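# Breakdown of the fold
Take a look at the letters that make up each chain.
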Amino acid sequence: MKRITDLGFESVPEHAARMIRTAWALGARDDLKYLNLRKWAHRLGFRGHFSTKTRTYPTTLGALRAARAAWQRRHTPPPSPTTLVIAHWAYEGTGLTPDLERLAALINGGPAREQAVTAGA
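These remarks concern the structure in this document. Not measured: the values here are computed from a predicted model.

## Looking at the overall build of the chain
- When its secondary structure is counted, the chain shows 3 helices and 0 strands.
- Its helices and strands taken in sequence order, the chain reads α-α-α from the N to the C terminus.
- Looking at the chain residue by residue over its 121 residues, the buried ones come to 12%.
- Contacts in the chain between residues at least 24 apart in sequence constitute 9% of all its contacts with a sequence separation of at least 6.

## Side note on helix 1 (residues 14-27)
- Over its 14 residues, helix 1 runs 20 Å from end to end, which matches the ideal 20 Å to within 8%, given 1.5 Å per residue.
- Within the sequence span of helix 1, burial applies to Ala 16, Ala 17, Ile 20, Ala 23, Trp 24 and Gly 27. Taken end-on, helix 1 shows its buried residues confined to a sector of 125°, consistent with a single buried face.

## Describing unusual backbone geometry
- A positive phi is found at Asn 36, a non-glycine position, where the angle reads about 55°.
- Within the secondary structure layout, Asn 36 lies in the loop between helix 1 and helix 2 (61-75).

## Regarding the environment of His 75
- Relative to the helices and strands, His 75 resides in helix 2.
- Here Trp 71 takes part through its backbone oxygen, which lies 2.8 Å from a polar atom of the side chain of His 75.

The rules behind these values
- Residues numbered from 1 in each chain as written.
- Predicted model: local features only at pLDDT ≥ 70, side-chain atom pairs only at ≥ 80, totals over all residues.
- Heavy atoms only, no water.
- Helix = DSSP H or I, 4+ residues; strand = E, 2+ residues; numbered from the N terminus.
- Buried < 20%, exposed > 50% of the residue type's maximum accessible area, 1.4 Å probe, protein only.
- Contact = heavy atoms within 4.5 Å.
- Expected span 1.5 Å × (residues − 1).
- Arc of directions from axis to C-beta.
- Polar contact = N/O pair within 3.5 Å; in protein donor to acceptor, adjacent residues only side chain to side chain.

Written out as structure tokens, the structure is:
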């Protein structure tokens, strides 16, 4: 099991390091085990979503997504009228090319089929 002293704090600001150490120390208490603070110490003990999801908060993630989509629609230029759109489809046929048909016959047909395929070629 890792100890808090095993973790390197060289690139962590002192305030964050103190919060991590506090979460680690509180995680050792029996009355707080259910919080899994040691598991989440690297996130300062917070194990929730990065942003609020509550419906009573002034905004929701859905409202933020809708606002971003509306902004994108307003600020995206319409497609150029000179854009060439090719939407013509044509049926080319069904089946294998003659070479693939011969290969399939050789694989599936055995020696008798091989003679018939080579004679027909």
